[in-house]
Amino acid sequence: MEKPLVGKIHSLESFGTVDGPGIRFVTFLQGCPLRCLYCHNPDTWDAGRPPRYQMTPEELLAEVLKVRSFIARGGVTLTGGEPLLQADFCREFFRLCREEGLHTALDTSGAVFNERVCAVLDYTNLVLLDIKALRPELCRKVSGSDGRNARALLDELERRGTEVWIRHVVVPGLTDDDTLLDELVEFVRHYKVVRKIEWLPYHIMGVFKYKELGLDYPLTDVPPLARERIEAIKKRFEGIFPC
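First, a word on scope: everything that follows refers to the structure included in this document.

Reading the values: the criteria
Residues numbered from 1 in each chain as written. Predicted model: local features only at pLDDT ≥ 70, side-chain atom pairs only at ≥ 80, totals over all residues. Heavy atoms only, no water. Phe/Tyr/Trp six-rings, centres within 6.5 Å; stacked < 30°, edge-to-face > 60°. Buried < 20%, exposed > 50% of the residue type's maximum accessible area, 1.4 Å probe, protein only. Helix = DSSP H or I, 4+ residues; strand = E, 2+ residues; numbered from the N terminus. Pairing = 2+ DSSP bridges. Axes fitted to C-alpha atoms, helices over the stretch in contact; angles between N-to-C directions. 1 Å grid on protein atoms, 1.4 Å probe; cavity = no way out; pocket = protein on both sides within 12 Å on 5 of 7 lines; lining within 4 Å. Points joined across faces, edges and corners; volume = space filled by probe spheres on them. Nonpolar A, V, L, I, M, F, W, Y, C, P; charged D, E, K, R; others polar. Core = buried A, V, L, I, M, F, W, Y, C linked by side-chain atoms within 4.5 Å. Contact = heavy atoms within 4.5 Å.

## Some remarks on the packing of aromatic side chains
Phase 1: Enumeration over the complete set of coordinates arrives at seven aromatic pairs.
Phase 2: An angle of 35° between the planes, with centres 6.1 Å apart, marks the rings of Phe 93 and Phe 94 as tilted.
Phase 3: By relative accessible area, Phe 94 is classed as buried at 0%.
Phase 4: A ring pair is formed by Trp 199 and Phe 237, whose centres lie 5.4 Å apart and whose planes are at 25°; its orientation type is stacked. Of this pair, Trp 199 sits in strand β8 (residues 194–201) while Phe 237 sits in the segment after α8 (227–236), placing them 38 residues apart in sequence. Considered together, Trp 199 and Phe 237 belong to a single accessibility category, that of buried residues.

## Focus on the sheet that holds strand β2 (residues 24–29)
Phase 1: Read across the sheet, eight strands follow the order β3-β1-β2-β4-β5-β6-β7-β8 without closing on themselves; strand pairing throughout is mixed. Each having just a single partner strand, β3 (53–55) and β8 make up the two edges of the open sheet. Averaged over all adjacent pairs, the angle separating strand axes in this sheet is 30°, with direction ignored.
Phase 2: Pairing geometry for strand β6 (residues 126–130) and strand β7 (residues 163–170), over five bridges, is parallel. Residue pairing for β7: Leu 129 is matched across the bridge by Ile 166.

## Observations concerning empty space enclosed by the protein
Phase 1: Counted according to the given criterion, the structure contains two cavities of 30 Å³ or more.
Phase 2: Here the largest cavity is characterised by a volume of approximately 110 Å³.
Phase 3: Forming the boundary of the largest cavity are 17 residues, of which Ser 109, Lys 132, Cys 139, Gly 147 and Ala 150 lie nearest the centre.
Phase 4: Where the lining of the largest cavity is concerned, the elements lending two or more residues are α4 (136–143) and α5 (148–160).
Phase 5: For the lining of the largest cavity, the element with the highest residue contribution is α5, accounting for four residues.
Phase 6: Among the residues making up the lining of the largest cavity, the classes are represented as seven nonpolar, six polar and four charged.
Phase 7: Empty space within the second largest cavity amounts to approximately 80 Å³.

## Some details on the nonpolar core
Looking at soluble globular proteins, one finds that nonpolar side chains tend to be buried together.
Phase 1: In terms of nonpolar packing, the biggest core is built from 48 residues, with Val 76, Phe 93, Leu 106, Leu 129, Val 164, Ile 166 and Trp 199 touching the most fellow members.
Phase 2: Counting residues per element, this core draws most heavily on helix α2 (residues 87–99), which supplies seven residues.
Phase 3: When near neighbours in sequence (up to four residues on either side) are disregarded, Phe 93 contacts Pro 57, Leu 60, Leu 61, Val 64, Val 76 and Leu 78.
Phase 4: With 21 residues, the next largest nonpolar core counts Ala 111, Leu 138, Tyr 210 and Val 222 among its residues.

See the structure below:
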């Protein structure tokens, strides 16, 4: 007998409003290969940690359908952690959602790119692609990865014509640099599938989780990005991409 496909799920959010268009059912999957300096969900890193929930795609869909009327103009989003560590689960869940006429969004760093990931894209309406840094050396410093797979994923999404929203965290002293931001915009503006850039201000709301896990927070001396600065960045590029 074939072993049932079970997803390791960190948490569920029934009425998400920041992970794709409209009101969405957001599922945070357990496990991530990156170690971003500013990560606010370090409790999702360890793929071997006992998850809060273990569900089959059918069981997760049943939870989604309980709030279907609320997400009718939104949809479902898989995030993490890094959801593509559980690509087979993502694919089957999205397949079931598409059968129900639900919009599917994948929030990913692009850290994983292989045939199983491409199979997930067969049932994905929107990808929220978090580009940590465009320059490989800076990306490695920020996340532990050079970002090569994220660029390969973006190329694949362009080939497929799948809509993409770019996400980029602006961190004082790391990625908050006009030259770096210009380079990123110049890079992604040539992709027809990129419809939007979300400039995300660095914050410290997840610092308490590091203390709970007994971890040292890497950016202790870095202040949150000022609201005025993120508004200035949005204005700087408003003629190129909506923000």
